[in-house]
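Okay, here's what each chain looks like letter by letter:
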Amino acid sequence: MPAHRAGTTTPPAPRKVFGTGFGSVNRRKFLGYLVAAPTLVVVADVGRQAAWGGAEASAAALPSPPQTPEYYEFVDSYRDACRPTNPLLKVEVKEDGRVAFALPRSDNGQGIQTLFAMIIAEEMGIDPDDVDVTLADARPELMFNQLTGGSSTTYSLYTPVRVAAAIAKGALLDAAAQALDGERRLLETAGLTITDTAGKSIGFGELSKLAAVPTTTPVEVILKDRSEFTVLGKPKIKKDQYAIVTGQKQFAMDIPVPDALPVVICRSPDLNGFPDGGPSNIDEVRNMPGITDVEPIGNGIAVRAQTFGQAIDGCNALQLNWNPGTVAGQNDDDILVGLRKAELPMVTPPVPGKTLEQELVHYSRNGSALETNCAVMTFDGKTAEVWAPAKSPISGQRIISEKLGIGVNDVVFHVVPGGGSFGRRLFNDSIQEAAEAVKAIGKPIKLMWDRANDCRQGRVKPLCTTRIRAVLTDDAVASFELRYSGVDMEVDEGLTDVLTSQLIKAPGGNLGVSETFWEISVHTPYNFGPVNTRAMIETNYGFNTGSTRNVYGPDTCTARELMIDRIAERLGKDAVDFRTEFVKTDRLRKVIERAAKEADWGKSMPAGTAQGIGVHQEYKAATACVVEIDARPETVNRKIRSARTGPRVTKVTFVIDPGLLLNPLGYEAQVQGGINDGIANAMTAGLHLENGSFVEASWDNYFYTRQWNTPPEVNVILIEDSEYPDPSGAGEVSVAATMSAVVNAFRRATGIEPEYTPVLHKEPFPDGFTQYPTAPPIPPSPTNGLDFAI
């Protein structure tokens, strides 16, 4: 059925199309609008779609009641919050014929600009390289629809952007049919032109004016069936990949803003300490080479200079007394005492001989990205302009407005591509400091956090505990209870607004923000009897916290999957067989079976080596991971300079049902990154709080997965014929299953019952480990790198 223009009377209500099962609806009718404009501008209006999938109990398992994420998880919540403002998103055809879309999200390397060029190109029948996808400036009128987080971008925007693109193509075809005096059904697109059977053609640029409408007009459209896709489903490299690897890509600090000079903040040695009075030598520092300004702000002193090196020298020269920080004098054990006191009780009493109990401590993890917190800002006393890789720019715009005492509309916020995020850029810490600094200094600035304080003072995934009690029968699980007690997980005000708007949908309707996120993101995908519960409590200790590539999933999944291995052993069952028997859905069962087959589960392996499995379902994807680990002495004791080595993951088999797969190459890249995060979380990457400050202060002494402990073999298998009709989130999807698989493999290879993650957290620091000083506040950069070059 061709798209057509409706009349200019009251637009019809959007037609909602609902399916009855996987794959039952391949063509969907939607409503959009041709917007009154000089050239062709199209927006979409997308109604709510049906939930898909359901729980299925095996014959042996004791059925469990459904948990909220089985039918409504965070990505559903966010998509619902975005619906009212989807009609404000515009696909435009410019006068030069190119297609443009300002994406209201932040691209920090995940490749969403490339993906949405593909989505638009698919519906319009053009090449993705003819679509210019930029990052939209902050648009307060979008409300919730300009937040990047929770692996929700594709799921929330895929359909509305397709609708707008399909309507744009229909409008171009209608205009071309009139211009070429032909039948629309006989027209075809060729590049950025439309041709008829006689060889006559007309370009998109000319058509964009002919297709423009004087009044906003509703239009119905039927989207392509996935079987007709020629762009989506095919691998495509990121548009900016060549620029990145050749050093040509511009990030925030590369933007040439007139008179904007580097600013670095002198910070307290304690976490969240603040100055006790001003610097005693401030005038002396102001006269140092290159220094232009030294001004107190917030919790520190802002130093502006001609170069970042000079600004750092100025920070280190300041003579200051500091007030204690929020956790002054405390260490991890002190915090753990409080968390354990706050732990929530279990419901089911233990049954002698039939009960398994477990506690895991999950130490804090660093959320620092390769590009540290940063922002460029100007302020003339009346208006401000900012350039930053922000994931919540609307709330950032509000913060600037409040700090500078100007209206929100007097702040122009440019979202620029970022060099990684992992949850950090959901927060506007650098935006707040930049606003304080530009006001105090009165000149344009380029604020950048130094690496050491980005690690020590920046946001972390905080310390927490997970406890599980499982009561067994002779061949099944009668009850399964998970309890989480953690340091308060802060949520940016932009995400808070989204969650608050959706609170009424959560069970009870009156949950707090963290409890809401927990309720719609954490679940146990197994049939473990009628008492299958999970609950959380958080306590504020004054840390700077936030999600780090997933919020609660990796820790709770690892605790759950570790316990499942223990249950399987108690019941005399194989770990894979147990999972396939008790898992709730066929979708998850299939990925478990595929992972086991591809990894040759159960094969004979040398002593000191083992396989481990982990399973997770979130972001509308189903995942299973099998790893192999080598914990033999010759591997554990290998010596690498300043490195934490230990057991090594030698092989990863990761199987994922991603739903509708749009760009296999981009999706796999995200999975690969998450695998390395999962390995790091499981084995080595944890922060040590000592005397009120984190020990780790850079990538060279924070033990993330490195070349020497990256698996030599990684096999990512994307199920390309998934029956699930929607695309899933990719940014965080592989972390949880990988982390849990690694911990299970470690347990099987070593015989050690894990009590904490990372499992090597309490090992002595390796030879050559350097704990950087907190005074001066910014440690000097290494100068001997060439001594270790091969």
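Residues numbered from 1 in each chain as written. Predicted model: local features only at pLDDT ≥ 70, side-chain atom pairs only at ≥ 80, totals over all residues. Heavy atoms only, no water.

> Can you help me understand helix α16 (residues 586-598) in this one?
Owing to its 3.6 residues per turn, the α-helix aligns residues three or four sequence positions apart on the same side. Between its first and last C-alpha, α16 extends 18 Å over 13 residues, near the 18 Å set by a 1.5 Å rise per residue. On the buried face of α16, the contacting elements are α15 (575-582), β26 (609-618), β27 (621-630) and β28 (648-657). Backbone geometry just downstream of α16 places D600 in the positive-phi region, at approximately 55°. (Helix = DSSP H or I, 4+ residues; strand = E, 2+ residues; numbered from the N terminus. Expected span 1.5 Å × (residues − 1). Contact = heavy atoms within 4.5 Å.)

> I tried to follow the confidence of the model for the chain on my own but got confused; where do I start?
Close inspection of predicted coordinates is inappropriate in any region flagged by low pLDDT. Residues at a pLDDT of 70 or more form 92% of the chain, whose mean pLDDT is 90. The low-confidence segment residues 1-27 (pLDDT under 50) makes 55 contacts with residues lying over four places distant or belonging to another chain. Here residues 48-53 is modelled with pLDDT under 50, and outside its nearest four sequence neighbours on either side it reaches 27 contacts, counting other chains as well. (pLDDT = per-residue confidence, 0-100.)

> Is there a simple way to think about the sheet that holds β27 in this case?
Each strand in a sheet pairs with its neighbour through backbone hydrogen bonds, running either in the same direction (parallel) or in the opposite one (antiparallel). Taken in spatial order, the four strands of this open sheet run β26-β27-β28-β31, and their pairing is mixed. Looking at which strands have only one partner, the edges of the open sheet turn out to be β26 and β31 (713-718). Neighbour to neighbour, the strand axes of the sheet diverge by 10° on average, direction disregarded. Pairing between β28 and β31: six bridges, direction parallel. When the bridges of β31 are listed, K651 appears paired with E713. (Pairing = 2+ DSSP bridges. Axes fitted to C-alpha atoms, helices over the stretch in contact; angles between N-to-C directions.)

> Before we go on, may I ask you to explain the packing of aromatic side chains in this structure?
How two aromatic rings sit relative to each other is set out by the distance from centre to centre and by the angle between their planes. Summed over all chains, the structure comprises 16 aromatic pairs. Seen in terms of ring centroids, F101 and F116 are 6.5 Å apart; in terms of plane orientation they differ by 35°. Their pairing is tilted. Of this pair, F101 sits in strand β5 (residues 99-103) while F116 sits in helix α2 (residues 112-124), and the two are 15 residues apart along the sequence. Each ring, one from Y363 and one from Y756, has its centre 6.2 Å from the other, and the planes form 75°; the classification is edge-to-face. Taken together, the residues span a long stretch of sequence, with Y363 in the loop between β16 (355-362) and β17 (365-366) and Y756 in strand β32 (residues 756-757) at a distance of 393 residues. For the residue pair Y363 and Y756, the accessibility class agrees, reading buried in each case. Among the aromatic residues, those joined into a ring-pair cluster are F74, Y78, Y484, F517, W518 and Y552. Its end group placed over the ring of F427, R459 keeps NZ or CZ at 3.9 Å from the ring centre. Directly above the aromatic system of Y724 lies the positively charged group of R587, at a separation of 4.4 Å from the ring centroid. (Phe/Tyr/Trp six-rings, centres within 6.5 Å; stacked < 30°, edge-to-face > 60°. Buried < 20%, exposed > 50% of the residue type's maximum accessible area, 1.4 Å probe, protein only. Lys NZ or Arg CZ within 6 Å of the ring centre and 35° of its normal.)

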